[in-house]
Amino acid sequence: MLIPPEVLPDHVLGLIETVYTLGGKIDPMYIGDVIGENIEVLPHTIDLAEVLGLITYRDGIVTLTETGESIVKSNMKIVVKKLRELASRLQPLRDIVEILKSKGYLEVEEYRNIIIQKYPNNYRKAYHHILIWGAFLRLFKMDEKDSKIIPIDLRSL
């Protein structure tokens, strides 16, 4: 699955925390009201959280999974570790990580080309949001000169 360009890690974590707080099951119509999320972002967040195995969405009800509940109850270090395992198989993170593993870095132009290829209609937002995903998951970041994408920690992948 391709990470939706409008979805950030905070959206996913906010969704599962909200579902947990509201008893583990909820109609998504009420989630937007509770977290004040943009109605355009929420469906994409639900889809991504379901692909990650954090929730299920059936018959109009969002239900927190055991994995989702364990993430909600964990400290941030464990949250990042678990999300790394789940999200690193998603695109374009998977492609970026593979290049970083083999080459050790990614020129900004190469990164830009990957993002344009994956998100031709939402390039600008995706460019920044995928960097946020990479940094949050401690996978990769932009170097100080803004010229390369460099690995943070790829040992466990």
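Above this text you will find the structure in question.
The notes below deal with the structure included here. Small disclaimer: the values here were computed from a predicted structure and weren't measured. (Residues numbered from 1 in each chain as written. Predicted model: local features only at pLDDT ≥ 70, side-chain atom pairs only at ≥ 80, totals over all residues. Heavy atoms only, no water.)

### Examining the packing of helix 7 (residues 108–118) against helix 8 (residues 123–136)
Here's step 1: Two numbers describe how helix 7 lies on helix 8: the axes approach to 9 Å, and their chain directions differ by 120°. It follows that helix 7 is oblique to helix 8 by the angle criterion. The handedness of the crossing between helix 7 and helix 8 comes out as right-handed. Counted together, V108, Y111, R112, I115 and I116 of helix 7 and Y123, A126, Y127, I130 and L131 of helix 8 form the full contact between these two elements.
Here's step 2: Counted by class, the contact of helix 7 with helix 8 contains nine nonpolar, no polar and one charged residues. (Axes fitted to C-alpha atoms, helices over the stretch in contact; angles between N-to-C directions. Helix = DSSP H or I, 4+ residues; strand = E, 2+ residues; numbered from the N terminus. Parallel < 35°, antiparallel > 145°, perpendicular 65-115°, else oblique. Left-handed = near helix turned anticlockwise from the far one by under 90°. Contact = heavy atoms within 4.5 Å. Nonpolar A, V, L, I, M, F, W, Y, C, P; charged D, E, K, R; others polar.)

### Structural notes on the packing of aromatic side chains
Here's step 1: Counted by the stated rule, this structure contains two aromatic pairs.
Here's step 2: Aromatic side chains Y111 and Y127 sit 5.0 Å apart centroid to centroid with 65° between the ring planes, which places their arrangement in the edge-to-face category. Placement of Y111 in helix 7 and of Y127 in helix 8 is noted, with a sequence separation of 16 residues between them. Like Y127, Y111 is buried.
Here's step 3: Relative to Y127, the ring of Y123 lies with its centre 5.7 Å away and its plane at 55°, an arrangement referred to as tilted. Of this pair, Y123 and Y127 both sit in helix 8, four residues apart, which is roughly one turn of the helix.
Here's step 4: Of the residues examined, Y127 reaches a relative accessible area of 9% and is grouped as buried.
Here's step 5: Three or more aromatic residues joined by ring pairs make a cluster, and in this case those are Y111, Y123 and Y127.
Here's step 6: Over the ring of Y105 we find K148, and its NZ or CZ is 4.5 Å from the ring centre. (Phe/Tyr/Trp six-rings, centres within 6.5 Å; stacked < 30°, edge-to-face > 60°. Buried < 20%, exposed > 50% of the residue type's maximum accessible area, 1.4 Å probe, protein only. Lys NZ or Arg CZ within 6 Å of the ring centre and 35° of its normal.)

### Digging into the pattern of salt bridges
Here's step 1: Counted according to the given criterion, the structure contains six salt bridges.
Here's step 2: For E50, the salt bridge identified is with R58, shortest N-O distance 3.7 Å.
Here's step 3: E50 sits in the partly exposed class, given a relative accessible area of 29%.
Here's step 4: Of the charged contacts in the structure, one is a salt bridge between D153 and R155, with a shortest N-O distance of 2.9 Å. (Salt bridge = Lys/Arg side-chain N within 4 Å of Asp/Glu carboxyl O.)

### As for the nonpolar core
Here's step 1: The biggest cluster of nonpolar side chains holds 49 residues, and the ones touching the most others in it are I130 and W133.
Here's step 2: Counting residues per element, the ones that place at least two in this core are helix 1 (9–21), helix 3 (42–51), strand 3 (61–64), helix 4 (66–73), helix 5 (76–87), helix 6 (93–103), helix 7 and helix 8.
Here's step 3: In terms of residue count, helix 8 provides more of this core than any other element does, seven residues in total. (Core = buried A, V, L, I, M, F, W, Y, C linked by side-chain atoms within 4.5 Å.)

### Notes on the sheet that holds strand 2 (residues 55–58)
Here's step 1: Read from one edge to the other, the open sheet built from three strands follows the order 1-3-2, with strand pairing classed as antiparallel. Whereas interior strands pair on both sides, the edge strands pair on one side only; in this sheet they are strand 1 (25–26) and strand 2.
Here's step 2: As paired strands, strand 1 and strand 3 are joined by two bridges and run antiparallel to one another. Considered in strand 3, the bridge of K25 is made with T63.
Here's step 3: Strands strand 2 and strand 3 of the sheet are contacted by helix 3, whose axis makes an angle of about 120° with strand 2. (Pairing = 2+ DSSP bridges.)

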